[in-house]
Amino acid sequence: MRLPPHILVVNGIKVRRPVFLLGAPHSGVDLLARALKRSPGFHVTMGRASVAHVVYAFARKPSLAATPGSVRVLRDALAESWQVLPRSCGECAEPCRDAGGVTGAGPCVSAADVTRFGDGSPDLLYSAPVLLQAFPDARFVQLIRDGRDAVAGMLADPACLAWFKPAMLAERTEFPSAFLGIAKEEHLERWKAMPAAGKSALRWRGAVRVSAELRRTLPETQLLTLRYEELVGRPQQAVATLAEFLETRVSKVVMYDPAVPKVGAWRTALARDDLELVEKVAAKELTRLGYLPA
């Protein structure tokens, strides 16, 4: 007999149709999370420690995500993250606090106003199958961005570059690794010798392959794919599409922030050698997505 779906209750609110934001590093997930945090009724978290610990464990060791307890572990981590308590924002990552306009310990929302939950933690993409099991009615929004711009963002981000340090490659990493973009363990020595631009390109390539698989397996009613270029270039249309998908109003004011990374920033941000390496490593995916001519 099939068991009924689990209903999670947070602060007395039933978690219905939670929204999860997915994408490669620096593909615009944080921008979309900021927009939803400003949308009525939403409580969106980004990178809370309880969630990040689980997400990175699954990303580096996918076999953990296949264990019987994985669904409960991730669901419990999100439940903890979504709690609205007097000092709950004091435990949030700085990008989340900044997006919520929090200067103290919080909270950034009133529990009485919350009707919907979401999460836009970095690298949540690799936990998508577990999230779907944990929340069968979830809505997923994935961002696709030109890999050259994504790599330029990664190279300027110490948190992304930290994953390329040898100390991070412990026994917890399994191969093939979509998270690192490495197909076989025997490729590891070659990977270690690559410049950071090449490693970043592999990360982007691995992420967009996971995204492509999600598009093949999830129905259109549960997965929306947006281009970063559309989000910042035509925000009114992109946000309208998102609002229709989520069946709610979505704020677009953050899309007009002058600090939002520009499309095509790679032209001045990437050195020639780095650009050539990125286009070589990710040529197939860049072409398939229309960022390089066929």
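Everything discussed here concerns the structure shown above.
Each value, and the rule that gives it
- Residues numbered from 1 in each chain as written.
- Predicted model: local features only at pLDDT ≥ 70, side-chain atom pairs only at ≥ 80, totals over all residues.
- Heavy atoms only, no water.
- Helix = DSSP H or I, 4+ residues; strand = E, 2+ residues; numbered from the N terminus.
- Polar contact = N/O pair within 3.5 Å; in protein donor to acceptor, adjacent residues only side chain to side chain.
- Contact = heavy atoms within 4.5 Å.
- Pairing = 2+ DSSP bridges.
- Axes fitted to C-alpha atoms, helices over the stretch in contact; angles between N-to-C directions.
- Salt bridge = Lys/Arg side-chain N within 4 Å of Asp/Glu carboxyl O.
- Buried < 20%, exposed > 50% of the residue type's maximum accessible area, 1.4 Å probe, protein only.
- Core = buried A, V, L, I, M, F, W, Y, C linked by side-chain atoms within 4.5 Å.

Novice: For this particular structure, what's the right way to read the side chain of Glu 285?
Specialist: Residue position: Glu 285 is located in helix H15 (residues 283-288). Within the structure, Glu 285 has its side chain in polar contact with the side chain of Arg 209 (distance 2.8 Å). Among residues more than four places away in sequence, those in contact with Glu 285 are Trp 204, Arg 205, Val 208 and Arg 209.

Novice: Please clarify how the sheet that holds strand E6 (residues 139-144) should be interpreted in this entry.
Specialist: Strands in a sheet are paired, the pairing made by backbone hydrogen bonds, and the direction either parallel or antiparallel. Sheet architecture is open: five strands sit in the order E4-E5-E3-E6-E7, paired in parallel fashion. The two strands at the open ends of the sheet, each matched to only one other strand, are strand E4 (42-45) and strand E7 (223-227). Neighbour to neighbour, the strand axes of the sheet diverge by 20 degrees on average, direction disregarded. Bridging between strand E3 (residues 19-23) and E6 involves five bridges; their strand directions are parallel. Residue Leu 22 lies in a different strand from E6, and its bridge partner there is Gln 142.

Novice: What exactly am I supposed to notice about the pattern of salt bridges here?
Specialist: Any two side chains of opposite charge can pair if their charged atoms end up close together. Under the definition given, this model contains ten salt bridges. It is possible to trace a salt-bridge network through shared partners that takes in Asp 146, Arg 148 and Glu 279.

Novice: I keep staring at the pairing of strand E5 (residues 116-119) and nothing clicks. Help me out?
Specialist: Along any regular strand, the residues point their side chains to alternate faces of the sheet. Alternating residues of E5 divide into Arg 116 and Gly 118 and Phe 117 and Asp 119, and every residue in both groups is buried. Sheet topology note: the E3/E5 ladder contains two bridges and is parallel. If you follow Val 19 over to E5, its bridge partner there is Gly 118. Taken together, the four bridges between E4 and E5 define a ladder with parallel strand orientation. Opposite Phe 42, over in E5, you have Arg 116 as the bridge partner.

Novice: Teacher, can you tell me more about the side chain of Ser 177 here?
Specialist: Looking at where Ser 177 falls in the secondary structure, it is placed in the loop between helix H8 (158-161) and helix H9 (188-193). Polar side-chain contacts of Ser 177 include one of 3.1 Å to the backbone nitrogen of Leu 180.

Novice: Sorry if this is basic, but what is going on with the nonpolar core here?
Specialist: Generally speaking, soluble globular proteins have nonpolar side chains that are buried together. Phe 20, Trp 82, Phe 135 and Trp 204 are the most contacted members of the largest nonpolar core, which totals 69 residues. No other element matches the seven residues that helix H10 (residues 196-217) contributes to this core. Not counting the four nearest positions on each side in its chain, Trp 204 is found in contact with Ala 24, Arg 145, Asp 146, Gly 147, Ala 150, Met 154, Ala 282, Glu 285, Leu 286 and Leu 289. By size, the runner-up hydrophobic cluster in this structure holds 31 residues, among which are Leu 32, Ala 33, Phe 42 and Leu 231.

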